[in-house]
Amino acid sequence: MSAQVQSFFHRDSNTFSYLVFDPDSGEAALIDPVLDYDPDTDASSDAPVRPLLEAIEQQGLRLRWLLETHAHADHVSAGRRLKQRFPQATLAIGEGIREVQATFAPRYGLELAAQDAHFDHLFTDGETFALGQLQGRIIAVPGHTSDSIAYLIGDALFTGDSLFMPDGGTARCDFPGGDAAQLYRSIQRLLALPDATRVFVCHDYGPGGRAFANQTTIGEQRAHNIHVHDGVEEAAFVSVREARDATLAEPKLMQPAVKANIQGGA
């Protein structure tokens, strides 16, 4: 059974959020929802989630899950804000968030409450969950961050930051807990899925000036991804990835975003 997928683009952070639902039951999930955040005034706005909320209401959907692929460093999650609006929805992330929390909480002077208090559920690798008649499965993909996971819902794969569009390659691995060799091995798990698997990426930057895009397939990734197409060995990938990472600046919102997102977007 195919999941219905609707995408929403946040231009300020080049982030795609997804509304995924089972058309028979109307059960829905939101993946990687975004808030607007101004670091100069510390003001936030839920403007980016309003189109998602309108889509849920117009289609009569029941929000069952609020899903994060990892603790993002380039935008503030709307997960906690949406949890207040939809208390019945489960706010979830991968269990690797514990490691990210342990790394970053002391940097921000945070004394986090009980380890899992900021999320309703921490997914383990291979765990399954239901979205109406659809089955979702967790694929742990550490490398970009230690908590990175991908969601396979029906025939739709949501890769987070691990894979970009084929001409965009892969995500950086120079944040604390990142590891290029580990990312290469994680991506091989994704590329082992059927070629027809639909792939939905979290970010796109329009390489070469092309229009922004967010959907591809595993087959297209295997054939054309500039970093990990078929035939690229781990050592070659690591060399390219680490050289590229050495040129990248810290994301503008990294400090406030990570501080908020290890707390579910609080």
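Refer to the structure above for everything that follows.
Below is a summary of the structure that appears in this document.

Rules used throughout
- Residues numbered from 1 in each chain as written.
- Predicted model: local features only at pLDDT ≥ 70, side-chain atom pairs only at ≥ 80, totals over all residues.
- Heavy atoms only, no water.
- Helix = DSSP H or I, 4+ residues; strand = E, 2+ residues; numbered from the N terminus.
- Rg over C-alpha atoms; globule rule 2.2 N^0.38 Å.
- Buried < 20%, exposed > 50% of the residue type's maximum accessible area, 1.4 Å probe, protein only.
- Contact = heavy atoms within 4.5 Å.
- Arc of directions from axis to C-beta.
- Pairing = 2+ DSSP bridges.
- Axes fitted to C-alpha atoms, helices over the stretch in contact; angles between N-to-C directions.
- Parallel < 35°, antiparallel > 145°, perpendicular 65-115°, else oblique.
- Left-handed = near helix turned anticlockwise from the far one by under 90°.
- Nonpolar A, V, L, I, M, F, W, Y, C, P; charged D, E, K, R; others polar.
- Phe/Tyr/Trp six-rings, centres within 6.5 Å; stacked < 30°, edge-to-face > 60°.
- Lys NZ or Arg CZ within 6 Å of the ring centre and 35° of its normal.
- Core = buried A, V, L, I, M, F, W, Y, C linked by side-chain atoms within 4.5 Å.

Quick look at the overall build of the protein chain
So, step 1. Per the secondary structure count, the protein chain includes seven helices and 15 strands.
So, step 2. Taking 266 residues into account, the globule formula puts the C-alpha radius of gyration at 18 Å, and the protein chain, at 17 Å, falls close to it.
So, step 3. Overall, the protein chain is about 45 × 45 × 35 Å in size when its C-alpha atoms are taken along their principal axes.
So, step 4. The buried share of the protein chain, reckoned over its 266 residues, is 55%.
So, step 5. Residue pairs at least 24 apart in sequence account for 68% of intrachain contacts in the protein chain once pairs closer than 6 positions are excluded.

Let's talk about helix H7 (residues 254-261)
So, step 1. Among the residues of H7, Met 254, Ala 257, Val 258, Ala 260 and Asn 261 are the ones counted as buried. An end-on view of H7 places all buried positions within 165 degrees of arc, on one side of the element.
So, step 2. In this structure, the buried side of H7 is in contact with strand E7 (76-77) and helix H3 (97-104).

Describing the pairing of strand E10 (residues 128-131)
So, step 1. Burial of E10 is one-sided: the residues Phe 129 and Leu 131 facing one way are buried, the residues Thr 128 and Ala 130 facing the other way are not.
So, step 2. Sheet topology places E10 next to strand E11 (residues 134-140); four bridges connect them, and they run antiparallel. Bridge pairing in E11 places Leu 131 opposite Leu 134.
So, step 3. As consecutive antiparallel partners, E10 and E11 are separated by two residues, and within that stretch Gly 132 has a phi angle of approximately 60 degrees, a positive value.

Details of the packing of helix H4 (residues 180-191) against helix H6 (residues 234-245)
So, step 1. Viewed as axis vectors pointing N to C, H4 and H6 meet at an angle of 125 degrees, and their least axial separation amounts to 9 Å. Considering the angle they form, H4 stands oblique to H6. When you trace H4 past H6, the crossing you get is right-handed. Residues Ala 180, Ala 181, Leu 183, Tyr 184 and Arg 185 of H4 form the contact with H6, whose own contacting residues are Glu 234, Phe 237, Val 238, Arg 241 and Glu 242.
So, step 2. Counted by class, the contact of H4 with H6 contains six nonpolar, no polar and four charged residues.

Re the environment of Ala 181
So, step 1. Its place among the elements puts Ala 181 in helix H4.
So, step 2. Since its relative accessible area comes to 18%, Ala 181 is described here as buried.
So, step 3. Measuring from C-alpha to C-alpha, the distance between Ala 181 and Ile 153 comes to 26 Å, with 28 residues separating the pair along the chain.
So, step 4. With residues up to four places along the chain from it excluded, the contact list for Ala 181 reads Glu 234 and Val 238.

A word on the packing of aromatic side chains
So, step 1. Inspection of every chain in the model, using the stated rule, returns 14 aromatic pairs.
So, step 2. Considering the side-chain rings of Phe 104 and Tyr 108, the 6.3 Å spacing of their centres and the 15 degrees angle between planes classify their relative orientation as stacked. No difference in accessibility class separates Phe 104 from Tyr 108, as the two residues are buried.
So, step 3. Stacked on the ring of Trp 65, the Lys or Arg Arg 64 has its end atom at 4.6 Å from the ring centre.
So, step 4. Sitting over the ring of Phe 104, Arg 107 keeps its end group 5.1 Å from the ring centre.

Details of the nonpolar core
So, step 1. Membership of the largest hydrophobic core comes to 38 residues, with the highest contact counts inside it found for Leu 19, Leu 30, Leu 63, Leu 82, Ile 97 and Ile 262.
So, step 2. Sequence-distant contacts of Ile 262, defined by excluding residues within four places in its chain, comprise Ala 71, Ile 97, Val 100, Gln 101, Phe 104, Ala 105, Leu 110, His 118 and Phe 119.
So, step 3. Counting 23 residues, the second-largest nonpolar core is a separate cluster that includes Leu 152, Leu 163, Ile 187 and Ile 218.

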